[in-house]
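# Residue-level structure breakdown
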Amino acid sequence: MTMTPTTAEPVETAGSDASAPNSGAFARFADIAEAVGRTTKRLEKAAALAGYFDGLNDTDLAIAARYFAGYAFPLHDQRTLNVGQAALLTALETITGDAPNALRERLVALGDLGDLAGERFAALSPLAARSPVLTLADIAARFSALAVTPGIKRKTELVTELLQMAAPLEAKYLVKLLGGDLRVGLQEGAVEDAIARWVGVPVATVQRSNMLSGDLGATALFARQGRLGEAKMRLFHALKFMLATPALDVADVARQMPGGFIVEDKFDGIRAQAHIARETGALDEPAIGEPGRVALHGQVVNGVRVALFSRTLDDITPSFPDLVPALAALLLSAGPNGEGDQDASDAREKSRDQGGAA
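Parameters and conventions
Residues numbered from 1 in each chain as written. Predicted model: local features only at pLDDT ≥ 70, side-chain atom pairs only at ≥ 80, totals over all residues. Heavy atoms only, no water. Helix = DSSP H or I, 4+ residues; strand = E, 2+ residues; numbered from the N terminus. Buried < 20%, exposed > 50% of the residue type's maximum accessible area, 1.4 Å probe, protein only. Contact = heavy atoms within 4.5 Å. Axes fitted to C-alpha atoms, helices over the stretch in contact; angles between N-to-C directions. Parallel < 35°, antiparallel > 145°, perpendicular 65-115°, else oblique. Left-handed = near helix turned anticlockwise from the far one by under 90°. Phe/Tyr/Trp six-rings, centres within 6.5 Å; stacked < 30°, edge-to-face > 60°. pLDDT = per-residue confidence, 0-100. Salt bridge = Lys/Arg side-chain N within 4 Å of Asp/Glu carboxyl O. Nonpolar A, V, L, I, M, F, W, Y, C, P; charged D, E, K, R; others polar. Core = buried A, V, L, I, M, F, W, Y, C linked by side-chain atoms within 4.5 Å. Expected span 1.5 Å × (residues − 1). 1 Å grid on protein atoms, 1.4 Å probe; cavity = no way out; pocket = protein on both sides within 12 Å on 5 of 7 lines; lining within 4 Å. Points joined across faces, edges and corners; volume = space filled by probe spheres on them. Polar contact = N/O pair within 3.5 Å; in protein donor to acceptor, adjacent residues only side chain to side chain.

## Comments concerning the overall build of the protein chain
Looking only at helices and strands, the protein chain has 15 helices and 7 strands in total. Each of the 358 residues in the protein chain was classed as buried or not, and the buried ones make up 46%. Sequence separation of at least 24 residues holds for 71% of the intrachain contacts in the protein chain that already meet a minimum separation of 6.

Here it is as structure tokens:
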């Protein structure tokens, strides 16, 4: 399969700054998360998010959309926070002065580290009296710093420094975000649904934009600007995979695909996608709300960059060193004037199942 990608991206517009005071405050995000968690009704969750999104500027909208889905970074971004339960508990011990065993016992009772943080901050007078000061942009910058910080000790120190600034409700949702799940009944699909209801389009339109951009934040911004149809795939940004649809028998397949279908043999193996282009030395453009450019994924062989992504959108290029030169050769064999000739503005993504790659 080949596709010609472009670099279409949502743009931050000068006139979209929120008029409501403190609209980008992290405490406001936490308030909305609390409201969403109090209802089991999808329409009420969507209405809460829509009202909140209306008051955000473009940068805060992109950050908030990711955070509501539990993502610290865009899906196409390979950075991770790598902050585990032990580090979070150590930070809470340092700030609250609670005994480790007492915190662990309470964690077992509550079942969630974020709930534990919120409870302990609210119970201790100096912490409970704190006024909210953090913004979504503050959190995004500190998460970026965490992602590039090596060593659990230093990461724990940075988490402790961040929580030292937090009011109780902020601490609750900071810890939840650091753990990768707000646990308020929102996942990526629910946020896609809320965005679709917010701008009055079919959810499938939002899902397609999110699949191509690999960033729920960019998708929310595309939605605000009425440009969901302009989302394009970008080389070295992993695309979400099409999932299999179960069928009972051939008759069921025909019912689901009335336009016709083709049956082919399939080797057992893993599903992966390969992105291949001539190396230009360019850096990746930063996502909305994210500081700085980052290196493109993959490895360079003979002037060709190759990246392999797994079904979970992880960069697995180093795991298959034998495939990298072979895939690079596909492009090189086409010659300078062949179909495979590509540059930064006209590259073709080659995505396929890698049967038997294990």
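## Digging into the packing of helix H2 (residues 42-54) against helix H11 (residues 188-199)
Two elements in contact, H2 and H11, have axes whose closest approach is 9 Å; the angle formed by their N-to-C orientations is 65 degrees. For the element pair H2 / H11, the angle class is roughly perpendicular. For the pair H2 and H11, the sense of crossing is right-handed. Residues Arg-42, Leu-43, Ala-46, Leu-49, Ala-50, Phe-53 and Asp-54 of H2 form the contact with H11, whose own contacting residues are Gly-189, Ala-190, Asp-193, Ala-194, Ile-195, Arg-197 and Trp-198.

## Some thoughts on the packing of aromatic side chains
A full pass over the atoms with the stated rule returns 8 aromatic pairs. Between Tyr-52 and Phe-68 the ring centres are 5.8 Å apart and the planes differ by 90 degrees, which places this aromatic pair in the edge-to-face class. With Tyr-52 in helix H2 and Phe-68 in helix H3 (residues 58-68), this residue pair connects regions lying 16 residues apart in the sequence. The exposure class assigned to Tyr-52 is buried, which follows from its relative accessible area of 3%. Its relative accessible area of 0% is what places Phe-68 among the buried residues. Relative to Phe-143, the ring of Tyr-67 lies with its centre 5.8 Å away and its plane at 55 degrees, an arrangement referred to as tilted. One end of the pair, Tyr-67, is in helix H3; the other, Phe-143, is in helix H8 (residues 136-147), and 76 residues separate them in sequence. We note that Tyr-67, like Phe-143, is buried.

## Some words on the confidence of the model for the protein chain
Confidence along the protein chain averages 85 in pLDDT terms, with 83% of residues attaining 70 or more. Throughout residues 14-19 the model reports pLDDT below 50, and contacts reaching past four residues in sequence, or to other chains, amount to 9 contacts. Segment residues 337-358: pLDDT under 50, and 65 contacts once partners within four positions in sequence are set aside and those in other chains are kept.

## Thoughts on the pattern of salt bridges
This structure, assessed with the given rule, holds 18 salt bridges. Among the ionic pairs, Lys-176 bridges to Asp-112, the shortest N-O distance being 2.9 Å. With Lys-176 in helix H10 (residues 168-179) and Asp-112 in the loop between helix H5 (100-110) and helix H6 (113-123), the pair connects residues that are 64 residues apart, well separated along the chain. Here Lys-176 matches Asp-112 in class, with each residue buried. A salt bridge links Asp-193 to Arg-197; the shortest N-O distance between them is 2.8 Å. In this pair, Asp-193 and Arg-197 are both assigned in helix H11, 4 residues apart and thus about one turn of the helix distant. Using a relative accessible area of 10% as the deciding quantity, one classes Asp-193 as buried.

## Some words on the packing of helix H4 (residues 85-96) against helix H9 (residues 152-164)
Two elements in contact, H4 and H9, have axes whose closest approach is 9 Å; the angle formed by their N-to-C orientations is 50 degrees. The orientation of H4 with respect to H9, classified from their angle, is oblique. H9 is crossed by H4, and the crossing has right-handed handedness. Contacts between H4 and H9 involve Ala-87, Leu-88, Thr-90, Ala-91, Leu-92, Thr-94 and Ile-95 from the first element and Ile-152, Thr-156, Val-159, Thr-160, Leu-163 and Gln-164 from the second. Residues of the contact of H4 with H9, tallied by class, amount to 8 nonpolar, 5 polar and no charged.

## Comments concerning the nonpolar core
Judged by nonpolar contacts, the single largest core of 73 residues is most densely connected at Phe-68, Phe-143 and Leu-163. For Phe-68, the contacting residues outside a window of four places in its chain are Phe-29, Ile-32, Ala-33, Leu-49, Tyr-52, Phe-53, Leu-182, Leu-186 and Val-191. Grouped together as the second largest cluster of nonpolar side chains are 14 residues, Ala-274, Val-301, Leu-323 and Leu-331 included.

## Observations regarding H10
Compared with an ideal rise of 1.5 Å per residue, which puts 12 residues at 16 Å, H10 spans 17 Å between its outermost C-alpha atoms and is within 8% of the ideal. In terms of burial, H10 is largely enclosed, as 10 of its 12 residues are buried. In the stretch just after H10, Gly-180 is the one whose phi turns positive, near 90 degrees.

## A short note on empty space enclosed by the protein
Across all of its chains, the model carries 2 cavities of 30 Å³ or more by this definition. For the second largest cavity, the calculated volume is near 40 Å³. Taken together, Arg-42, Lys-45, Ala-46, Leu-49, Leu-186, Ala-190, Asp-193 and Ala-194 form the lining of the second largest cavity. Of all the elements in the fold, those that place two or more residues in the lining of the second largest cavity are H2 and H11. Among the residues forming the lining of the second largest cavity, the class breakdown is 5 nonpolar, no polar and 3 charged.

## What to know about the side chain of Arg-305
In this structure, Arg-305 sits in strand E5 (residues 304-309). Engagement of the side chain of Arg-305 in a polar contact is seen with the backbone oxygen of His-297, the distance being 3.2 Å. When residues no more than four places from it in sequence are discounted, the contact partners of Arg-305 are Phe-236, His-275, Ile-276, Ala-277, Glu-279, Leu-296, His-297, Gly-298, Gln-299 and Val-300.

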